[in-house]
Structure formats: structure tokens, C-alpha cells
Amino acid sequence: MGIIVVGLSHKSAPIEVREKLNFPESTLPDALRKLMTYESMRECLIVSTCNRVEIYASVSDSAMGIDRIKQFISDYHNLSRNVLEQALYVYPDAQGVRHTFRVASSLDSMVLGEAQILGQLKDAFDIALKTKTTSTILNKLIKKAISVAKRVRTETKLAEGAVSISSAAVELAKKIFGVLEGKNVMLLGAGEMAELAAQHLLGNGVKNIMVANRTFERAEELAKEFNGDAIRFEHFPDALVMVDILICATGAPYYVVSREMVSRTLKERRNKPIFMIDISNPRNIDPEVDKVDNVYLYDIDDLQSKVDVNAESRSKEAEKAEELVTLEVETYLQWERGLDAVPTIVDLREKVEDIRKRELDKTLSSMNDLNEDQKRAMDIMSQSIVNKLLHAPLVVLKQAAAAAGESDNTIAIARRLFNLDRELMRPVHERTIDQQTKEEPARSKEKESKCR
Amino acid sequence: MNLLFFQAATVAYLLAAVGYVVYIFKPSHKWTGEAAFWATLAGFLCHICYFAFRWSESGRIPITGFFEAINFLGMGMIFVFLIMEFRYKIAALGSFMLPIVVILMIPVFLLSGDIKELNPILKSGWLGIHTSFAVLGDAAFAFACIISVMYLVQERQLKAKHLGAIFHRLPSLDIMDTLSYKALTLGWPLFTLGMITGSIWANSAWGTYWSWDPKETWSLITWVIYLVLLHLRTIGWRGRKMAVLSIVGFLFVLLSFFVVSRVNIGKHTF
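Residues numbered from 1 in each chain as written. Chains lettered and ligands numbered in written order. Predicted model: local features only at pLDDT ≥ 70, side-chain atom pairs only at ≥ 80, totals over all residues. Heavy atoms only, no water.

### With respect to the packing of helix α1 (residues 2-25) of chain B against helix α4 (residues 92-110) of chain B
All names here are of chain B.
Phase 1: Contact pair α1 / α4: the axes reach a minimum separation of 8 Å and the direction vectors enclose 145°. Judged by the twist between their axes, the crossing of α1 over α4 is left-handed. Between α1 and α4, the residues in contact are F6, Q7, T10, Y13, L14, A16, A17, Y20, V21, Y23 and I24 and A92, G94, S95, F96, L98, P99, V101, V102, M105, V108 and F109, respectively.
Phase 2: Split into classes, the residues belonging to the contact of α1 with α4 amount to 18 nonpolar, 4 polar and no charged. (Axes fitted to C-alpha atoms, helices over the stretch in contact; angles between N-to-C directions. Helix = DSSP H or I, 4+ residues; strand = E, 2+ residues; numbered from the N terminus. Left-handed = near helix turned anticlockwise from the far one by under 90°. Contact = heavy atoms within 4.5 Å. Nonpolar A, V, L, I, M, F, W, Y, C, P; charged D, E, K, R; others polar.)

### Some words on the interface of chain B and chain A
Phase 1: Taken residue by residue, the interface counts 24 residues in chain B and 21 residues in chain A.
Phase 2: Around 1700 Å² of area is buried between chain B and chain A when both sides are counted, 46% of it from carbon and sulfur atoms.
Phase 3: Interface area lost by chain B to chain A is led by K159, K161 and R238 of chain B, which between them contribute 37%.
Phase 4: Taken together, the links from chain B to chain A amount to 3 salt bridges.
Phase 5: The closest approach of N and O atoms between D290 of chain A and K161 of chain B, which form a salt bridge, is 2.6 Å.
Phase 6: Applying the counting rule to chain B against chain A returns 14 residue pairs in polar contact (both at pLDDT 80 or more).
Phase 7: With 6 residues, helix α5 (residues 125-160) of chain B is the largest single contributor of residues to the side of chain B that touches chain A.
Phase 8: A per-class count over the side of chain B that touches chain A returns 9 nonpolar, 7 polar and 8 charged. (Buried area = accessible area lost by both parts, 1.4 Å probe. Salt bridge = Lys/Arg side-chain N within 4 Å of Asp/Glu carboxyl O. Polar contact = N/O pair within 3.5 Å; in protein donor to acceptor, adjacent residues only side chain to side chain.)

### Section: the sheet that holds strand β1 (residues 2-9) of chain A
All names here are of chain A.
Phase 1: Ordered in space as β2-β3-β1-β4, the 4 strands form an open sheet in which the pairing is antiparallel. The sheet is open, and its two borders are formed by β2 (41-48) and β4 (89-92), each paired with just one other strand. When strand polarity is set aside, the average angle formed by the axes of neighbouring strands in this sheet is 15°.
Phase 2: Taken together, the 4 bridges between β1 and β4 define a ladder with antiparallel strand orientation. Looking at the pairing, V6 lines up with V90 of β4.
Phase 3: Set on the sheet, helix α2 (residues 28-36) makes contact with β2 and β3 (52-59); between it and β2 the angle comes to about 150°.
Phase 4: Here helix α5 (residues 93-104) sits on the sheet and contacts β1, β3 and β4; the angle it forms with β4, its principal contact strand, is near 110°. (Pairing = 2+ DSSP bridges.)

### Concerning the nonpolar core
Residues and elements named next belong to chain A.
Phase 1: Core analysis: the biggest nonpolar cluster contains 111 residues, and I245, I247 and F275 have the highest contact counts within it.
Phase 2: Once residues lying within four places of it in the same chain are set aside, the contact partners of I245 are A173, F177, L180, N184, V185, M186, L201, F275 and I277.
Phase 3: Membership of the second largest hydrophobic core comes to 60 residues, among which are A104, A128, I137 and A318. (Core = buried A, V, L, I, M, F, W, Y, C linked by side-chain atoms within 4.5 Å. Buried < 20%, exposed > 50% of the residue type's maximum accessible area, 1.4 Å probe, protein only.)

### Remarks on the state of the cysteines
Phase 1: Taken as a whole and assessed by the stated rule, the structure comprises 0 disulfides over all chains.
Phase 2: Its sulfur unpaired, C46 of chain B is 6.4 Å from the next cysteine sulfur, which belongs to C49 of chain B. (Disulfide = S-S within 2.5 Å.)

Spatial relationships are all this shows, so hold off on functional conclusions.
Structure below.
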């Protein structure tokens, strides 16, 4: 029941690749259903934003699952596996849990602490829920991730940083324009932070928002959200004449806005000032643009340095958040291990019952002169022997399921002692057993004694 | 006795200037801005009293001679400032305006305030009209210049991405750009009226409208500079360049006021 995250983000792949892997929201249910037909898939969830495309899955076999998910992406988007291998990262099991929590808490975002990713994760989860491609594992994982994100937001000041960055942008805009009513804003590209900044501007009186994006559908989606107009990406330089505030976050690896373009625009708009915010990394607006009169260009670092929280305390908050995530990953893994105990208990019961039945049958078949009462008595006796014998191990296992910490050892030892896996041990168990064999008996005895 | 009002006004302006400077550099001391405003208002009332006393004493509007002209200019600037403060609530304006007014007043403070006898040939209703228009035009240009300085300070900070304490006190670029433009559109017609009335007055006194007196020539240059400035604005010049030009224009006004009027022998020498 391994958790796997396969995907790419602004950290691992350029926008060109990310865009190719994009799953538009309307196609998600269909994609999810298709993915479920692949071997080893038990549950799946697809998160597709402008900064990341990720598949969260619970699979019956990790290696197979990883391979099948990659194959699905390759099939779905008609891309060669070679291209994918380079761009995709894979987080199995505990790493996957950790990654999920980090994404939800916005520790993996371009701007630390921005809240939008959590909403996007929730939306993706809703779609998967409706499509019925998630169940116990992913439901628990995502719900936990959401609560971790909320914890990070309330217990650290990470989110304040992101919020104050966009309010810094608003403050600067006010220093340039005075009032923002009637100002035109253009969103060029669509990043989490760009949307956040746009929302802040809207909250401060801006009415007209234009959205230009390489994929026009996405632009339309966003424009609808802001009650604005979508324009084709090729046309944005012409529309620039009307723009007072430009928020740029295309994610392109080159300058989308050149000095020459801006000089021309300024002439056309008779030097009415433009405030440009470049949130992209790498930058999308040529820094030379700042030299044009009446243009004020700020990138994310400039904005960040305007925020009261200094760099040091911000990284401290991030550290705090990381610690929180680590802690939560631990709790989650304990829960998951607890889940492991249930099948072990079932396996153990089945195995012992199997032995009992076989041995009883063997004995009974060799003793022909027994009456029904005697047979029943023997059956009951064997059952009570088995139950008495199993009582202590089952209690320990149930405790292990509920408690945390060394439970994985308990379950592993139980499986080994009763030979439940027929030599097929999972690697993680082998490792722990080697380390723990010496001290384990003492510990189980301790637990046994506690039970009585 | 009436000089006491003048001194009181100057002291009040000085206190206000200190208050406003503290206000702009120390964001935590907000009250200093308000205190400075009341000091300015008190100073202005003293100033008006002084002006009225001097008027009644000399029997003519006291805008002749260097002392009176500067005095009137300072009063005009404070008047413009109070209106702007009332209308736009830009306390930071005081941080720039008041020190300049104080700098204007200090030399006057040291000069003789004696009332001089006026050449009888100039005694005419045009005296008050011509000088009022001219000095009010200058006051408007001074205001535009100060706003432009503020604009440049803010523009520099925005461009350098280094926002000092001042930054939080300054109004937006857009407001400053607009105000400076408004001041110019007000100042230029006043200045023009000053020139026209002056020339009518000259005709009634000397029988000639224009005599290429150094002050006249210099004023004509100043007038043309501001005309060009306004024209450039209408064809789309804005922001930094306009601010710089407006400051340059005012330098000509200052030169005219302090140098041309003093060193050249002409009709305007006072």
C-alpha cells in the first residue's frame, strides 16, 4: 500500500515542459479514470497548476506503480519516456508523505507561505473524490496534509511573509498612483503569487484586470475568476498601452518584456507611469526596463526586502514549518504502520485457523470411533488452545497498531515469528529486523507483561 | 510694534519647520506634524496682522522694495501651503515648504524693515495689482518647484528600491505630478497678468509699454520657459523630466528675484 508522488514543478522543469504535462480541470475526471486502469493503481489524485503537475497515488507495488504512472503520463500527453524521465521526480512512501505535506504547507512553492496551493490541492482532491479514485490512504493523506498546512499557517509566520509581499506591492502601487480605482492591471502568465497580488489589488479598488497566458483557456479561466478579460498572449504588447500595473509571471526562461517594447509603450501612453512586478524566476522582464522614465520595476526580491520581516526571521519561520512537517510525517507514518497491523492480525488468524483445521481433520480422520459430541469437544479444545496462544500476540499487535514508535518492529517480528510472508519480507522490514533482533525480545516481553 | 508680529511669524514658521522636519524623518512622532500645522497657522495670522499694520502705516499696499516683496512671497507660499494642506492633507509638503519659507524670511529678518518713500511717479493703483500678480505667480512657481523636489525624492527612492523614512510620508507620485501641473497652470496666467499689468502701468508712468529693462527681459525669458514647459506637458511629458524642468524654471524666478532686481540698475531695482 505504498504512497507515491510522481510529478514536476517549477523547481524541476521549465514552463515549456510543465505546460505540456498540464491537465486542464475539465479533463481531470477522465484522466483519473484512465490512470486507474493502469496496473498496480489503487488510488490516485492529479494536481495540475501552472507551477506543478503531480500525481499522487497509492499503489500495490511501488516500483511497478512508479513505472505505470510514468507510462500513463507518456501515453496521455504523447510524450516519449526519455523526455519525462529527466523532468519528473519521484517520491515514494515516507518521502511522498513528506512531499505532500510540504506542498500543502506551501514550503515547496515559489513564494513560501502563499495560500493558493492549498486551495488548488483541495480542488484536485474534490475532483478525485467525485470521480471516486481515492479511498482510505489518499483520503487520509490529503486530509492530513490540509490539517498540516493549517497548522503551519497558524503556528508559524510563514504565510504572513507572502501576504505582506503582495501588500507591499499594493503599497508601492499606491505610492505611484495614489488611488487604485480605475487603474488597469494585466496579469501576464499565471503564477500562484501573481494571482495573490491580483487579488490584493482587486481588494484595493482595482476594477479592470486583463489576463494574458500562453494557454488561452487558462487565461479565460483566470479572467473569469477576476471578472476580467482574457487576451491572447501574442497580443499582450499591444494591450500594454492601457496597463498601469503589470504583474508578470510567465515562467518563461527568457525576457518576455523588453526595454524596447516598454519604451514604445510609454511613448504611446504619453509617459503615464507603469508599475511592473516581476514575480517570475528566472525573470521575465528585462531589468533594463527599470531605466525607462516613469516605469517602476520590482521583482520578488525587491518586494521581499520591502517587507518588514527580514530575511533571517523568514527563513526561521520556514525552518519552523519544516520541523512541523517532519513531526507530522512521523505521526502519519505511525498511523500507516497501524494500518499495517490489521492485515497482520488477519493473516495470523487465518494461518493459525488453517493449521488448527488441518491438524484437527488429520486427527479426527485417524480416530473413527469418536462420536459427534467427542468430535465437537476436540474442536472446541483446539479452538481454545489457539485462542489462548494467540491472545497475547494479538493484544501486542493491536497495541502496536494504536501506539507509535517501535510498532513497525513488532509487526515485522510477528510476521517473521509466524512466518506470515513465506520468506517474502519487505525490504524495510529486513533492515529493521537486523538492527533490532537483539533488543526486541526483551521489549515484547515487557509489552506482554504490561498486557496482563 | 508691528515688527513684533513679523518676528512672531518668523519664529512660528521656524518652529513649524522643525516640527515638520522631525515629522517626516521620524514616523513614530506623528504629533509633530499636527503641532507644526498649528504653528504654521499661528505664524500666518501674525503675518497677516503685520501685513495689515504695515499697509495702514504706509498708506499703500506693502509690496514694494525687496523686504516687502520677499515678505509677501513668503506669505503667499504659506497661504498656498495651508490651502493644499487643508485640501489634500499632505503634511509632508510642510517639511519642504516651511524650511524654504524660513530661509526666505531670515535674511528679511536681518534687513531693515523701514518704510521707504515711494517715487511719486509710481504711485498708482497699478502698483498693488502688478506686484500682487507677479508675486503670486512666483509663489505658485515656488510651490510647483517644491512639489517637484518632493517628486524627485520619491521617484529616486522608488527607482533605487530603497525606501527611507521619508517615503512613507510623501504623497503618491501621481498626486505630486498633478499638483505641480496645477500650480503651473495657475502660476503662468498669474505671471502673464503680472507682465501685462506691469506694462500698462509702465505706459501710464513712462509712456512706453516695454523698454527692455533687464528685469523685463529676464521675466520674458522666465515666461517663455514656463510656456514651453506647459506645452511639453500637453504633448506628453510627465514625471521626472517635468519635475526637473519645473525646478529649472524656478531657478530663473529666483535669479530674477534675488539677483537681477538687485544688481542691475533699472526700473525694478528695489
